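Residue-level structural notes
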Amino acid sequence: MTAIIVCPLEKIAELAVRHRACEMVSLMAEGQDFHRPGVIRADRHLMLRMNDIAFAGTGNLVAPGEEHVARLIDFARSWDRSAPLLIHCWMGVSRSPAAAVIAALALDPDQDDEALAQRLRQVAPHATPNTRLIEFGDRALNRKGRLIAAIKAIGRGAETDGRASFVLPLA
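Reading the values: the criteria
Residues numbered from 1 in each chain as written. Predicted model: local features only at pLDDT ≥ 70, side-chain atom pairs only at ≥ 80, totals over all residues. Heavy atoms only, no water. Buried < 20%, exposed > 50% of the residue type's maximum accessible area, 1.4 Å probe, protein only. Helix = DSSP H or I, 4+ residues; strand = E, 2+ residues; numbered from the N terminus. Pairing = 2+ DSSP bridges. Contact = heavy atoms within 4.5 Å. Salt bridge = Lys/Arg side-chain N within 4 Å of Asp/Glu carboxyl O. Axes fitted to C-alpha atoms, helices over the stretch in contact; angles between N-to-C directions. Parallel < 35°, antiparallel > 145°, perpendicular 65-115°, else oblique. Left-handed = near helix turned anticlockwise from the far one by under 90°. Nonpolar A, V, L, I, M, F, W, Y, C, P; charged D, E, K, R; others polar.

Of all six residues that make up strand β1 (residues 3–8), six are buried, and the element is covered over most of its length. Across the two faces of β1 the burial is the same, with Ala 3, Ile 5 and Cys 7 and Ile 4, Val 6 and Pro 8 all buried. In this structure, β1 lies alongside strand β5 (residues 166–169), joined through four bridges in antiparallel fashion. Bridging across to β5, Ala 3 finds its partner in Pro 169. Pairing of β1 with strand β4 (residues 85–89), which is carried by five bridges, proceeds in the parallel orientation. Bridge pairing in β4 places Ile 5 opposite Leu 86.

Quick look at the side chain of Ser 94 now. Among the secondary structure elements, Ser 94 is positioned in the loop between β4 and α3 (95–107). Here Ser 94 falls in the buried class, since its relative accessible area comes to 12%. Dropping the residues within four chain positions of it, Ser 94 is found in contact with Asp 52, Cys 89, Thr 128, Pro 129 and Asn 130.

Right, let's get into the pattern of salt bridges. In total, this model carries eight salt bridges according to the counting rule given. A salt bridge links Glu 14 to Lys 11; its shortest N-O distance comes to 3.9 Å. Classification of Lys 11 as partly exposed rests on a relative accessible area of 21%. One salt bridge in this structure joins Asp 113 and Arg 146, with 3.3 Å as the shortest N-O distance. With a gap of 33 residues between them, Asp 113 in helix α4 (residues 113–123) and Arg 146 in helix α6 (residues 146–154) connect regions that are remote in the sequence. With a relative accessible area of 3%, Asp 113 lands in the buried category. Given the relative accessible area of 40%, Arg 146 is considered partly exposed. Via salt bridges that share partners, Lys 11, Glu 14 and Arg 18 belong to a single interconnected network.

For the pair α3 and helix α5 (residues 131–140), the least separation of the axes is 9 Å and the interaxial angle reads 15 degrees. Comparing their axes, α5 and α3 come out roughly parallel. In this structure, α3 meets α5 at a crossing whose hand is right-handed. Mapping the contact onto sequence places Arg 95, Ala 98 and Ile 102 in α3 and Leu 133, Ile 134 and Gly 137 in α5. Here the residues of the contact of α3 with α5 are counted per class, giving four nonpolar, one polar and one charged.

One open sheet accounts for five strands, arranged β3-β2-β4-β1-β5; its pairing is mixed. Single-partner strands in this sheet number two, and they are β3 (45–49) and β5. Neighbour to neighbour, the strand axes of the sheet diverge by 20 degrees on average, direction disregarded. Docked against the sheet, helix α2 (residues 66–78) engages β2 (23–28), β3 and β4, running at close to 170 degrees with respect to β3.

See the structure below:
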């Protein structure tokens, strides 16, 4: 089964090895540096530098933007699906769940937004997808507000210590 693995930074090496992932998307703020796990191919590692904010960036904060979402969609569509795709951010709660939903819709645009959001909530009770990423994803994937509404309908996720990981199966 092809799937997207979502996790916090501290779990990337463990989960990349466990799930035999060789491709990864990192959504990290500038200056949050880390070592890419050796099992992740360098040419199949997409680094998206942004802060976990839902407003236009100010000062040193970089807001998620259209260009981030466009690069994510292109990367997801180039994934050969021979092994799971690993997506992570600092805590695995906001940016990476949003990116996983966007990637899933980029791969299968015929799926129902509400069903996808419910599937996310089922596998990740803690997920609170970044609303700015979701808005740009909705627009880039021509969802006409359906993705925004579906994510809004599942509401804020449960409190977490930031160590929760999950597998989002693809349709």
